[in-house]
Amino acid sequence: MAEHTPGTFAERLYPSTSFFLAVLLLIPALTVLFTPYSLQAGIIAGVVAYALVCAIFILTSRKVEVQDGVFNAGGVKIDVKHLGEIEVLDSQQLRVAIGRRLDARAYLCVSGWVHSGVRVTITDPSDNTPYWVVTSRKPKQLAAAIREAQGASTSAA
């Protein structure tokens, strides 16, 4: 079991199990589509399509992490010393944050199958991005890790 280091967090935003179960419908759909030609070809096409769709969604799922004083969301990184207020968002607050309250300059790392997240204010004066909205299944732990990393970076300075 890995030891938890203060100020660290890692999460991969994989689709939910229900997503993979719904995509299973590709198999019978393609089987029916190909049945006039060949039942076997339809089954093979359905299984291959299901495997490809699952592989694409797994391989392209975004990673959210806090490590070594850096917040990484979907491959975009920022030092935690440039982060200000952190707001934990439930599903309703997230919907508002990426909807009617959205600033077009904001950075979004949002996965449609994750319904909670954080909104983090950017304090770097050289950065035009006002804040980041990042989805997470564990937003409270993510916010705590950012705060811990900020505390560690200020005490190390």
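Residues numbered from 1 in each chain as written. Predicted model: local features only at pLDDT ≥ 70, side-chain atom pairs only at ≥ 80, totals over all residues. Heavy atoms only, no water.

Caption draft 1: Focus on the sheet that holds strand E1 (residues 9–12). With antiparallel pairing, four strands are arranged side by side in an open sheet as E1-E2-E3-E4. Every interior strand has two partners, whereas the edge strands, E1 and strand E4 (76–79), have only one. For this sheet, the mean inter-axis angle between neighbouring strands, taken without regard to orientation, is 10°. Alignment of strand E2 (residues 63–67) against strand E3 (residues 70–73), held across four bridges, turns out to be antiparallel. Bridged to Val 66 within E3 is Phe 71. (Pairing = 2+ DSSP bridges. Helix = DSSP H or I, 4+ residues; strand = E, 2+ residues; numbered from the N terminus. Axes fitted to C-alpha atoms, helices over the stretch in contact; angles between N-to-C directions.)

Caption draft 2: Up close: the environment of Val 48. Relative to the assigned elements, Val 48 resides in helix H3 (residues 39–59). Looking at Val 48, the relative accessible area reads 43%, which means it is partly exposed. Measuring from C-alpha to C-alpha, the distance between Val 48 and Gly 151 comes to 49 Å, with 103 residues separating the pair along the chain. (Buried < 20%, exposed > 50% of the residue type's maximum accessible area, 1.4 Å probe, protein only.)

Caption draft 3: Geometry of the nonpolar core. One finds Val 66, Phe 71, Leu 83, Trp 132, Val 134, Leu 142 and Ile 146 to be the most contacted residues of the largest nonpolar core, which totals 23 residues. Of all elements in the fold, only E2, E3, strand E5 (83–89), strand E6 (107–109), strand E7 (117–122), strand E8 (131–135) and helix H5 (139–156) reach the threshold of two or more residues within this core. For this core, the element with the highest residue contribution is H5, accounting for five residues. Apart from the residues lying within four places of it in its own chain, the contact partners of Val 134 are Val 64, Phe 71, Ala 73, Cys 109, Ser 116, Gly 117 and Val 118. Among the nonpolar cores identified, the runner-up in size contains six residues, and Ala 97, Ala 106, Tyr 131 and Val 133 belong to it. (Core = buried A, V, L, I, M, F, W, Y, C linked by side-chain atoms within 4.5 Å. Contact = heavy atoms within 4.5 Å.)

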